[in-house]
Amino acid sequence: MGRILNLSRRNKRPFTLVCFQIHGGYQEEREREIRGIVGRETRTYDFRGSDRDGRLYLILQETDRHEAIIVCERLAGMFSTVLKLKGGEISYEAAVFPEDGESVEALLGRVSVTSG
């Protein structure tokens, strides 16, 4: 993420870090389907990853807050449909560089507030 931050800073372009949390243990059981959705619905130059607590992270390059919310709502809807989730079982938080922070730590802290 540091490399993306430096590139965005140099080119004066935003990027958005997104953290999805799927509540109720669904992510472990259906990880293959979730990865398939994310792979199909994000661009090849966006980055995807997860942590040991099952949170899904996306780095949406050259994406501002407005565009990121559109992507997140679309993904949340697809996750809910595929996993047959009820309302409130999926949440996400987005942090935009440079608006919400200019360091890796600041951006991670911003998405950890509601997902942690």
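Details of the structure are given in the entry above.
Counting restarts for each chain, with residues numbered from 1 along the sequence as it is written. Given that the model is predicted, a residue must reach a pLDDT of at least 70 before its local features are reported, and side-chain atom pairs must reach 80 or more before they are shown or counted; all residues, however, enter totals for whole chains, interfaces and linings. Excluding hydrogens and water, the side-chain figures rest on all heavy atoms present in the structure.

1. A few points about the pattern of salt bridges
Part 1 of the argument: Within this document, salt bridges are pairs made up of a side-chain nitrogen of Lys or Arg and a carboxyl oxygen of Asp or Glu, the two lying within 4 Å of each other. Taken as a whole and assessed by the stated rule, the structure comprises eight salt bridges.
Part 2 of the argument: Across the pair arginine 43 and aspartate 46 runs a salt bridge whose closest N-O atoms are separated by 2.9 Å.
Part 3 of the argument: Assessed through its relative accessible area of 30%, arginine 43 is described here as partly exposed.
Part 4 of the argument: A single salt-bridge network, built from bridges that share partners, covers Arg65, Glu99, Asp100 and Arg110. Summary of the burial criterion: residues with accessible area below 20% of their type's maximum are buried, those above 50% are exposed, and those between are partly exposed, where the area comes from a 1.4 Å probe applied to protein chains only.

2. Examining the sheet that holds strand 4 (residues 90–97)
Part 1 of the argument: Between any two strands, at least two bridges found by DSSP are needed for them to pair. Under the DSSP-based scheme used, a helix requires at least four consecutive residues in state H or I and a strand at least two consecutive residues in state E, with every element numbered from the N terminus. Reading across from one edge, 2-3-1-4 is the order of the four strands in this open sheet, with antiparallel pairing throughout. Strand pairing shows two members of the sheet lacking a second neighbour, strand 2 (47–50) and strand 4, which therefore form its edges. For this sheet the average axis-to-axis angle between neighbouring strands, irrespective of direction, equals 15 degrees.
Part 2 of the argument: Relative to strand 3 (residues 56–61), strand 1 (residues 15–22) runs antiparallel, the two sharing six bridges. Bridge pairing in strand 3 places valine 18 opposite leucine 58.
Part 3 of the argument: Contact definition: two residues touch when any of their heavy atoms are within 4.5 Å. Fitting a line to C-alpha atoms yields each axis, with helices limited to the stretch in contact; the angle taken between N-to-C directions then spans 0 to 180 degrees. Contacting strand 1, strand 3 and strand 4, helix 4 (residues 65–83) crosses the sheet at an angle of about 25 degrees to strand 1.

3. Focus: the pairing of strand 1
Part 1 of the argument: For strand 1, the tally of buried residues reaches eight of eight residues, placing the bulk of the element in the interior.
Part 2 of the argument: Alternating positions in strand 1 separate into two faces, Phe15, Leu17, Cys19 and Gln21 on one and Thr16, Val18, Phe20 and Ile22 on the other, with burial throughout.
Part 3 of the argument: Relative to strand 4, strand 1 runs antiparallel, the two sharing eight bridges. Directly across from isoleucine 22, in strand 4, lies its bridge partner isoleucine 90.

4. Concerning unusual backbone geometry
Part 1 of the argument: Geometrically, the link from phenylalanine 97 to proline 98 is a cis peptide bond, its omega value of 0 degrees lying close to zero.
Part 2 of the argument: Even without being a glycine, lysine 12 presents a positive backbone phi close to 55 degrees.
Part 3 of the argument: Take lysine 12: it is sitting in the loop between helix 1 (2–11) and strand 1.
Part 4 of the argument: Judged by its relative accessible area of 75%, lysine 12 is exposed.
Part 5 of the argument: You will see that glutamate 62, though not glycine, has its phi angle at about 50 degrees, which is positive.
Part 6 of the argument: Relative to the helices and strands, glutamate 62 is located in the loop between strand 3 and helix 4.
Part 7 of the argument: Classification of glutamate 62 by relative accessible area gives partly exposed; the value is 45%.

5. Quick word on the nonpolar core
Across soluble globular proteins, nonpolar side chains show a tendency to be buried alongside one another.
Part 1 of the argument: Residues belong to one nonpolar core when they are buried, are Ala, Val, Leu, Ile, Met, Phe, Trp, Tyr or Cys, and are joined through side-chain atoms within 4.5 Å. In terms of nonpolar packing, the biggest core is built from 19 residues, with Phe20 and Phe79 touching the most fellow members.
Part 2 of the argument: Elements represented by at least two residues in this core include exactly strand 1, helix 3 (31–41), strand 3, helix 4 and strand 4.
Part 3 of the argument: Take this core: its biggest share by element is seven residues, from helix 4.
Part 4 of the argument: Excluding its chain neighbours within four sequence positions, the residues that come into contact with phenylalanine 79 are Phe20, Ile22, Ile34, Ile37, Val38, Leu56, Lys84, Leu85 and Ile90.
Part 5 of the argument: Formed by eleven residues, the second largest nonpolar core is a distinct cluster that contains Leu5, Cys19, Phe97 and Leu107.

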